[in-house]
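# Working through the structure, step by step
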Amino acid sequence: MRQKDFAALKAKKPGFKKFKVGKSMLYRTKRGWFLSSPNEKTKKYDVGEISITQAQLLLDSYNINYQTGW
């Protein structure tokens, strides 16, 4: 994710959302879906892009009522 994306999330712009899934965060941006997971060794978060279908599976597994359209 870019700094622009984090700034848009903070400003609550349309098309940008974040969801808490366990210890991780799932982000919806206009460029796609991103998953931020904690890294125990470095004490930082690893951010990577995930597919829409995987994002929908994560949302469903944590009973978050959000439809990605897939």
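An account of the accompanying structure is given in this report. Since the structure is predicted, the reported quantities are computational estimates derived from the model, not experimental observations. (Residues numbered from 1 in each chain as written. Predicted model: local features only at pLDDT ≥ 70, side-chain atom pairs only at ≥ 80, totals over all residues. Heavy atoms only, no water.)

### A few points about the side chain of T68
- Mapped onto the fold, T68 is located in the segment after α2 (52–61).
- Exposure remark for T68: the relative accessible area of 19% places this residue in the buried category.
- Within the structure, T68 has its side chain in polar contact with the side chain of Q56 (distance 2.8 Å).
- T68 has contacts with W33, I52, Q56 and L59, leaving out every residue within four places of it along the chain. (Helix = DSSP H or I, 4+ residues; strand = E, 2+ residues; numbered from the N terminus. Buried < 20%, exposed > 50% of the residue type's maximum accessible area, 1.4 Å probe, protein only. Polar contact = N/O pair within 3.5 Å; in protein donor to acceptor, adjacent residues only side chain to side chain. Contact = heavy atoms within 4.5 Å.)

### With respect to the nonpolar core
- Residues F19, V21, L26, W33, L35, A55 and L59 constitute the largest nonpolar core, which totals 7 residues.
- Every element with two or more residues in this core is listed here: β1 (17–21), β3 (32–39) and α2.
- Aside from chain neighbours lying at most four places away, what touches L26 is K17, K18, F19, V21, W33, F34, L35, I50, A55, L58 and L59.
- The next biggest cluster of nonpolar side chains, apart from the first, holds 6 residues, and it includes L9, M25, Y27 and F34. (Core = buried A, V, L, I, M, F, W, Y, C linked by side-chain atoms within 4.5 Å.)

### A short note on the side chain of T29
- As for its placement among the helices and strands, T29 is situated in strand β2 (residues 24–29).
- Of the residues examined, T29 reaches a relative accessible area of 0% and is grouped as buried.
- At 3.2 Å, the side chain of T29 and the backbone nitrogen of R31 are in polar contact.
- The contacts of T29, once residues within four sequence positions are left out, are M1, D5, G15, F16 and F34.

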